[in-house]
Amino acid sequence: LKPRALTIHSTPFGNEPSAHALTCSAAAQQVTMHGGYGTTPMQDFESGAYGAGPAAMKSPFSTRKRQTNLASLVACTFVPVMTFASVFSLMSFSLHYSDESTCKALSFGILFIVLMLGWMAVGAWRRADQGMQDPKWYTFVFVTALIAWIFAFVFGNNNFKMNIRPFMDIMNLNIYPSVDPAQYRGQQLMDAGRIIFTEDSHLDLSVSMGFRNLDTYCVAPITSKTAANATAGGVPSYDFWAVGINCCSGHAPDFHCGEYNNLNARSGLRLMRDDQRAYFRLAVQQAEAAYNIRAPHPIFMYWMQDPMAEVNAYQDAGYKFWLVGVAGYAGFQVILVIIAAVVFSKFGI
């Protein structure tokens with residue numbers, strides 16, 4: 001064989017593609033157009049091929065984050081409001097009166113649950129680098145729930161002392177009808193909550209008195225026309241006294257408290273405030289010395305026509321205070337949640 005003939009029939013590599021090379025080239029082009037393995041991010045941005053860069057991947061974290069924020073907003077609103085309503089109810093109503101120890105135990109049990117929220121908040125801060133939980137909302141719900149518990153405990157106890165306990169005390173005491181103040185002594189009606197006096201009973205304003213200690217504590221005796229309130233020695237005796245605060249001068253018989261001028265007033269509602277009783281007793285002692293009268297066992301009462309309406313007013317005031325308190329705190333909590341959401345999102349705190 002001559003070398004020239006061999007040169008004529010051989011083709012240098014790369015100068016003229018063979019049929020096999022053309023086939024491989026076409027296949028590679030087809031793979032590239034349809035997003036094959038090894039394509040660049042720009043080629044696969046629309047096709048979403050395997051091996052594309054991070055910009056082409058749709059992360060589910062944003063959806064999960066929106067769901068978590070919604071759940072956080074609901075929890076941060078619901079948990080503190082329920083904490084406030086529960087403790088406020090326990091401290092305000094009849095359980096506090098009938099079984100104070102159980103009421104306090106339940107209230108402090110709720111406080112323990114609130115403190116557990118604080119422990120969860122600490123754990124969330126420790127795991128903050130994992131990105132699974134948002135410690136800010138855990139901290140927010142703990143702090144606001146703790147504030148809710150403190151407010152509910154304090155204001156619920158105040159509502160109980162000012163409204164519910166006087167109502168319960170009076171309802172648990174006796175009612176005495178047709179009582180002649182000239183014939184009865186205070187020792188006979190020590191368990192009286194409401195007293196309905198006889199038709200001829202009235203206030204003796206001529207021997208009223210007041211004792212001043214910041215406020216003026218005013219007293220006037222309840223008497224009747226049927227008999228003179230006198231002892232064997234001839235000294236008048238009065239055991240039933242109408243009372244009021246800041247409704248007399250304190251140095252003259254000018255008692256004008258409550259329904260003193262109501263001609264239909266014949267009833268008395270017993271004073272239940274222990275912190276005021278001592279001052280009214282001092283006013284009675286001043287009247288004893290000034291008018292030469294006796295009051296061996298004084299019972300202090302609010303002079304009125306319908307004591308039952310006043311009793312129900314205590315209960316109504318307690319329920320109104322509870323309703324306004326729960327509604328007010330719920331609105332306050334919603335405002336706090338809105339502020340926290342704005343601050344956390346705007347400033348990236």
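Residues numbered from 1 in each chain as written. Predicted model: local features only at pLDDT ≥ 70, side-chain atom pairs only at ≥ 80, totals over all residues. Heavy atoms only, no water.

**Student:** Which residues make up the nonpolar core, and what values go with them?
**Tutor:** Core analysis: the biggest nonpolar cluster contains 19 residues, and Leu-189, Ile-195, Phe-197, Ile-222, Phe-240, Phe-255 and Trp-303 have the highest contact counts within it. Elements with a contribution of two residues or more to this core: strand 2 (192–197), strand 5 (215–223), strand 6 (240–245) and strand 8 (299–304). (Core = buried A, V, L, I, M, F, W, Y, C linked by side-chain atoms within 4.5 Å. Buried < 20%, exposed > 50% of the residue type's maximum accessible area, 1.4 Å probe, protein only. Helix = DSSP H or I, 4+ residues; strand = E, 2+ residues; numbered from the N terminus.)

**Student:** Just give me the short version of the environment of Gly-193, but keep the residues and values in it.
**Tutor:** The topology assignment puts Gly-193 in strand 2. When the C-alpha atoms of Gly-193 and Met-272 are compared, they prove to be 8.8 Å apart, with 79 residues separating the residues in sequence. Excluding residues that lie within four positions of it along the chain, Gly-193 makes contacts with Ile-170, Leu-173, Asn-174, Gly-268, Leu-269, Arg-270 and Met-301. (Contact = heavy atoms within 4.5 Å.)

**Student:** Please provide a residue-by-residue account of the environment of Leu-263, values included.
**Tutor:** Of note, Leu-263 is situated in the loop between strand 6 and strand 7 (267–270). Judged by its relative accessible area of 71%, Leu-263 falls in the exposed class. Distance from Leu-263 to His-202, taken between C-alpha atoms, is 8.5 Å for residues 61 residues apart in sequence.

**Student:** So what about helix 9 (residues 307–346)? Which residues, and what values?
**Tutor:** Across its 40 residues, helix 9 extends 58 Å between first and last C-alpha, which sits within 8% of the 58 Å expected from 1.5 Å per residue. Buried residues of helix 9: Pro-307, Val-311, Gly-318, Gly-325, Val-326, Tyr-329, Gln-333, Val-337, Ala-340 and Phe-344, and no others. (Expected span 1.5 Å × (residues − 1).)

**Student:** Any chance you could break down the side chain of Asn-163 for me, citing the residues and the numbers?
**Tutor:** Relative to the elements of secondary structure, Asn-163 occurs in helix 7 (residues 135–172). A residue is classified by how much of its surface remains accessible, and Asn-163, at 14% relative accessible area, is buried. Within the structure, Asn-163 has its side chain in polar contact with the side chain of Asn-159 (distance 2.9 Å). If sequence neighbours within four positions are ignored, Asn-163 has contacts with Tyr-314, Ala-317, Gly-318 and Phe-321. (Polar contact = N/O pair within 3.5 Å; in protein donor to acceptor, adjacent residues only side chain to side chain.)

**Student:** Residue-level account of the packing of helix 6 (residues 100–126) against helix 7, with values.
**Tutor:** Direction vectors running N to C along helix 6 and helix 7 enclose 160 degrees, while the axes themselves pass 8 Å from each other. The angle between the axes of helix 6 and helix 7 places the two elements in the roughly antiparallel class. Handedness of the helix 6/helix 7 crossing: left-handed. In terms of residue class, the contact of helix 6 with helix 7 is made up of 17 nonpolar, three polar and two charged. (Axes fitted to C-alpha atoms, helices over the stretch in contact; angles between N-to-C directions. Parallel < 35°, antiparallel > 145°, perpendicular 65-115°, else oblique. Left-handed = near helix turned anticlockwise from the far one by under 90°. Nonpolar A, V, L, I, M, F, W, Y, C, P; charged D, E, K, R; others polar.)

**Student:** Quick rundown of the packing of helix 7 against helix 9? Include the residues and the values.
**Tutor:** Between helix 7 and helix 9, the shortest axis-to-axis distance is 9 Å and the interhelical angle comes to 170 degrees. Relative to helix 9, the element helix 7 lies roughly antiparallel. Within the contact of helix 7 with helix 9, the residues separate by chemical class into 24 nonpolar, eight polar and one charged.

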